Amino acid sequence: MGRGTPVVTRAVRVLRAAVVPLALIGLTALAGVVLGRVYAGELLTWLVIGAAAGSVLVSVAARRLPSWLVAPVSVAAMAGWTLWSLRLAATRADLPGGLLEVTADAARNGIPRLLTAMIPVEPTPDTVLVPVVAAWLAGLAGAEVALRTGRVLLGYLPAAGLYAAALYVVGPNAEPALGATLVFVAVAAVGLAAPARTAPSTGDPTAGLTPRVRAAVRLRLATSAAFGVALVVGLVALLAPVVADQVDGRPVDPRRYVEPPQVQTLDENPLIRISGWALRPEQKLLDVSTEHAEARAPGDIAPSNGPSTDDGPATDDDGGSVRIRLAVLSDYDGVTWRVGATYRNAGRILPAATPPRDSTVETVRQQIIVAELSGRLLPAVATPREVSGARVAYDPASGTLIRPEGLTPGLRYTVTSAEEHPDSNLLATANVPAGDEVARVLRVADGVPDPMRRLATQLAEENGAPFARASAIEQFLAEHYRVVADAPSGHAYPNLAFFLFGPRNGGGQEGTSEQFAAAFAVLGRLSGLPTRVVVGFRASGQGPVLAGDAYAWPEVLFDGLGWVAFDPLPRPNDEPRPVEEDFRPTPEDPPPSEAPQPTAEPTASPEPVAAPGGPPDTDGVPTGVLIAGGSGGLLLLVGALLLTLLAMRRSLTRTRLVRGDPGQRIAGAWREVTDALRLAGRPVGDDLAATEVAGHARQALAEARDASGSGVAVVEGATAPDATVDELAELLNRVGFAPGAATPDQAARAAELATDYVATLRAARPRWRRLLWSIHPSPLRRARRSPR
């Protein structure tokens, strides 16, 4: 009995001493529980609990060591736990690369990827590094303060800060953490009820004082305590209503302050790449291996010059090809179709969307090896659900994947997709949605050409049901237009109007799948159909995917069926009928047939300058004469150089605007405009369409006018400068679509338009820049690098 009493006493002391460490572990671990609600699985929660326990236990084990030695020991243990956690997360996520590479990448990108990751966040090295390290440091700081100094309440501050940070990161992406918060308060109260051991008490510190002094000290302590209680009660009364009002408020999402991964122009509008790929059809872009179920849902039909009744691989009548989606373009401003996506870093498992109610889903698995495909867009069969072998960012609205680091030759990844098969038997009676949710895919930009609007009205009037309208547009395009591989890129309103109604012998009524898909989508929206354009590849699904397999197709959204693909391309051997047989647009006012020829201004010859000085009256040459002669010679040399540059620039302008056939002169006028933009500090890329360059030109002129602070007058009888580039771009597109069809009057008009725009833009520049404008050698260098 007597021997058991010390054991019991020792056990009670151990339990009392363990209360505060256990409370610190619990408080720190609760931050992981709260944060884990936005993670996929429980791995993050257990890693944070391990960090909390490890940090506190290291401090308990090293309590007899000097305080300056505890931190290095704990940091070394933290490094070991962190590396093991990163290795485990990388293995679970099936990420390639060694531990050193994975750790370095996570250290560089941990915070931005954590705040841009898609919910639920997959526990990968870059999304677990910050929580694990923060939990360990909070546990270390709290344990040292609470256990070594005995200030338990102060030791709770790191854990409380970590808990608040976890709540802030979660934001509105999970339900309120009321249960976890109540547990946090309860654990903290238990720890405070059993404080850490302090130095043994020496009795009443006022015992040695006189009764009068002792009474004064006790009164002062009581007054201070009462004031503190009153202050706390007052703060509670003041802040309680404010806090109560925020209970039902929506938390702020910190992700709104972090910019998600961005893409370049070619990835934002990959539709413009179709024509380039068509000119190099043998270029190898991908290697693909596909596995998917052969059986289709009852009622599905293989499309034969009709809609593809699924949003993924479509089996064409040519023997089982697969559609691999690259991008979904939903936004159109009358000039360019764009993806308009908001990408979020995603893990291996992507968020699962609810399939349409009248569809069946099959699993498709593809292994893809990148060859010469560039950019950031990651090809995949719609709709991707799991990606391994590559770090990706995902836009759930469009189902588009990107690799933020960009594609590289040899990149190998595996993607598993949910292939949706809508019930094709319901298409004929299906309706289309309306309202704000689909306003984006119903929007029609201003400036629609009148013939396009009347064509859409004609097709809609003859076909009432949505599916009948879509089929009528598809059939009209397939029966009246021809696919050609060398058609110029462009899908702005002028390009589509020329494609639909231009003269067949002048390059109209033919194009690539870019024009077919874009024309279908615009005509569909004019008919009240929610449409979008998809860019991808149509290949066998096994073996190489070539540039010639690049393909664009339109899709229409139906209630209960989802997005349904259509194929407006004609059959390979069908001869298209003239558009005029079924639609005859009202002739528009022709452009002026006569335009004044631009006259080249003669280059003025420099006036001869008399050499200074008079006859020498001495045997030697004075120093002043030598200096004056040298300075004069230098000025003459500089003047001759400037005059030579001026003459060469004017000769280049005359060559572009006057010489050559009309098509060359129109192209030369366009080069005058692009050179003027470069001289104005607004260069444009060679990959932009003419209509996009025209938009840049209008903006450059407007900014130049704003910078100069005054308007620029337009010469009487001349075209307004803002409209000049649009008309010139239209002439250039005609030359591109119909080489050799340009007339001398059109070439003269192009020269006049280019001259007016260049003069107006030059007049809006500062005076010293206007002086350098005519002698800048940049256009001469570009003329030597590119053919006239």
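We now turn to the structure provided with this report. (Residues numbered from 1 in each chain as written. Predicted model: local features only at pLDDT ≥ 70, side-chain atom pairs only at ≥ 80, totals over all residues. Heavy atoms only, no water.)

Structural notes on the overall build of the chain
When its secondary structure is counted, the chain shows 21 helices and 17 strands. Considering only contacts within the chain whose residues lie at least 6 apart along the sequence, 78% involve residues at least 24 apart. Element-wise, carbon and sulfur atoms account for 60% of the exposed surface of the chain, whose accessible area totals about 39,600 Å². (Helix = DSSP H or I, 4+ residues; strand = E, 2+ residues; numbered from the N terminus. Contact = heavy atoms within 4.5 Å. Areas by Shrake-Rupley, 256 points an atom, 1.4 Å probe, with all protein chains shown as cover.)

Let's talk about the sheet that holds strand β2 (residues 322–329)
Strand order across the open sheet formed by four strands is β2-β14-β16-β17, with antiparallel pairing between neighbours. Lying at the two open borders of the sheet, with one neighbouring strand each, are β2 and β17 (562–565). The average undirected angle you get between the axes of adjacent strands in this sheet is 40°. Along the sheet, helix α14 (residues 513–526) contacts β14 (531–539) and β16 (550–558); its crossing angle with β16, the most-contacted strand, is approximately 15°. (Pairing = 2+ DSSP bridges. Axes fitted to C-alpha atoms, helices over the stretch in contact; angles between N-to-C directions.)

Here's the deal with the packing of aromatic side chains
In the structure shown here, the tally under the stated rule is twelve aromatic pairs. Between Tyr332 and Tyr493 the ring centres are 5.6 Å apart and the planes differ by 85°, which places this aromatic pair in the edge-to-face class. Placement of Tyr332 in strand β3 (residues 331–332) and of Tyr493 in helix α13 (residues 493–501) is noted, with a sequence separation of 161 residues between them. In terms of burial, Tyr332 and Tyr493 fall into one category: buried. Taken together through their ring pairs, the aromatic side chains of Phe467, Phe520, Phe558 and Phe566 make up a single cluster. The ring of Trp563 carries the charged tip of Arg532 above its face, separated from the ring centre by 4.1 Å. (Phe/Tyr/Trp six-rings, centres within 6.5 Å; stacked < 30°, edge-to-face > 60°. Buried < 20%, exposed > 50% of the residue type's maximum accessible area, 1.4 Å probe, protein only. Lys NZ or Arg CZ within 6 Å of the ring centre and 35° of its normal.)

Things to note about the packing of helix α11 (residues 450–462) against α13
Closest axis-to-axis distance for the α11/α13 pair is 9 Å, and the angle between their directions is 60°. By the criterion of interaxial angle, the relationship of α11 to α13 is oblique. As for the relative orientation of α11 and α13, their crossing is left-handed in sense. Judged by residue contacts, Pro451, Met452 and Leu455 of α11 engage Tyr493, Leu496, Ala497, Leu500 and Phe501 from α13. In terms of residue class, the contact of α11 with α13 is made up of eight nonpolar, no polar and no charged. (Parallel < 35°, antiparallel > 145°, perpendicular 65-115°, else oblique. Left-handed = near helix turned anticlockwise from the far one by under 90°. Nonpolar A, V, L, I, M, F, W, Y, C, P; charged D, E, K, R; others polar.)

Overview of helix α4 (residues 99–116)
Considering bend angle alone, the principal kink of α4 is centred on Asn109 and spans about 65°; proline Pro112 follows within four residues of it. Among the residues making up α4, those that are buried are Val102, Asp105, Ala106, Gly110, Arg113, Leu114, Leu115 and Thr116. In this structure, the buried side of α4 is in contact with α3 (67–93), α5 (125–148) and β5 (344–346). (Bend = angle between axes of the 7 residues up to and from the residue.)

With respect to the sheet that holds strand β11 (residues 412–422)
Across the sheet, which stays open at both edges, the five strands sit in the order β8-β11-β6-β1-β15 with antiparallel pairing between neighbours. Strand pairing shows two members of the sheet lacking a second neighbour, β8 (384–388) and β15 (542–546), which therefore form its edges. Within this sheet the neighbouring strands show an average axis-to-axis angle of 25°, counted without direction. In this structure, strand β6 (residues 359–370) lies alongside β11, joined through eleven bridges in antiparallel fashion. Across the sheet, the residue bridging to Glu362 is Glu419, located in β11.

Focus on unusual backbone geometry
Here the residue pair Ala382 and Thr383 is connected by a cis peptide bond, since its omega of -5° sits within 30 degrees of zero. Phi at Gln509 is positive, roughly 60°, even though this residue is not glycine. Among the secondary structure elements, Gln509 is positioned in the loop between α13 and β13 (510–511). Residue classification places Gln509 among the buried positions, given a relative accessible area of 2%.

Overview of the environment of Gly410
Inspection of the secondary structure puts Gly410 in the loop between β10 (400–402) and β11. Measuring from C-alpha to C-alpha, the distance between Gly410 and Ile368 comes to 9.6 Å, with 42 residues separating the pair along the chain. Other than its neighbours up to four places away in sequence, Gly410 contacts Ile369 and Val370.

Focus on the packing of α3 against α4
Packing of α3 against α4 brings their axes to within 10 Å, and their N-to-C directions diverge by 100°. Comparing their axes, α4 and α3 come out roughly perpendicular. Mapping the contact onto sequence places Leu83, Leu86, Arg87 and Ala90 in α3 and Leu99, Val102 and Thr103 in α4. Classifying every residue of the contact of α3 with α4 gives five nonpolar, one polar and one charged.

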